[in-house]
Amino acid sequence: MPYINGRLWDTRDRGKEDFQFTAVARPAATKDEAGKPYLESYGSKESDGSPVQLAVMCPATPLWQAKVRQTVLRLMNEYGTKGVYIDQIAAAAPVLCFDRGHGHPTGGGHWWTDSYNAMVEAIRREKPADRMLTTECNAEPYVKSLDGYLTGTGVATTRCRPFRPSTAGRSRCSAGRIAVAPRRTLLCE
Ligand SMILES: [Zn+2]
């Protein structure tokens, strides 16, 4: 199952060059109250040693909805993948986006989770029926639209119970674990 990121756009998206970020992506990036895009870095470096800066895209925008949908459908239809892992959707907290051009209420609200669910549901309508969509972590607002969660769970005691798998509803598959107990590793997911 191939990995894509469902949330970030590299601000220097062709080597060190700003290829499409400013020209295409920036209008659909999340913005703070000053109109500045929210940027994140995860430790990776550009070839000149500077940190890679990734813009958090706004899921309410048609551009980002279409980009993720088209990428997933291309992987399934052209490359025949049985599923796609869309990173970060159920792992990252919503961003307080103040860009009035995006059509959602400014700041917080359920528009963020509604937008991601709408994005995934649109993919579901177009994808082959036997393909699956998965994401990272376990945020409950998205259980209704995704097939699986890659859930790393820190396990430190022997008292873990399979609470989440038993309550996850449509999320039929929960996979992955981070075992931190030295010898008595548990199977919690
Ligand atoms: Zn926005």
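Described in the following lines is the structure provided in the data block. (Residues numbered from 1 in each chain as written. Predicted model: local features only at pLDDT ≥ 70, side-chain atom pairs only at ≥ 80, totals over all residues. Heavy atoms only, no water.)

### Observations concerning the pairing of strand S6 (residues 132–136)
Logical step 1: Relative to S6, strand S5 (residues 83–87) is paired through four bridges, and the arrangement is parallel. Bridge pairing links Ile86 to Thr135 in S6.
Logical step 2: With helix H3 (residues 111–126) bridging S5 and its parallel neighbour S6, the resulting β-α-β unit is right-handed.
Logical step 3: Pairing geometry for S6 and strand S7 (residues 148–150), over three bridges, is parallel. Pairing of Thr134 across the sheet is with Gly148, part of S7. (Pairing = 2+ DSSP bridges. Helix = DSSP H or I, 4+ residues; strand = E, 2+ residues; numbered from the N terminus. Right-handed = clockwise from strand over helix to strand, strands pointing away.)

### Overview of unusual backbone geometry
Logical step 1: Positive phi, normally seen in glycine, also occurs at Gln88, with a value near 80°.
Logical step 2: Mapping Gln88 onto the fold places it in the loop between S5 and H3.

### Some remarks on the sheet that holds strand S4 (residues 54–56)
Two modes of strand pairing occur in sheets, parallel and antiparallel, and in both the strands are linked by backbone hydrogen bonds.
Logical step 1: Read from one edge of the open sheet, three strands run S2-S4-S3, paired in antiparallel fashion. Looking at the sheet topology across the chains shown, the edges are occupied by strand S2 (8–10) and strand S3 (39–40).
Logical step 2: As defined by bridge partners, S3 adjoins S4 across two bridges and the pair is classed as antiparallel. Bridging from a neighbouring strand, Leu39 pairs with Ala55 of S4.

### Digging into the environment of Pro37
Logical step 1: Along the chain, Pro37 turns up in the loop between helix H1 (21–25) and S3.
Logical step 2: Sequence separation between Pro37 and Arg26 is eleven residues, and the spatial gap between their C-alpha atoms is 7.5 Å.
Logical step 3: With residues near it in sequence (within four places) discarded, Pro37 still touches Arg26, Ala29, Thr30 and Lys31. (Contact = heavy atoms within 4.5 Å.)

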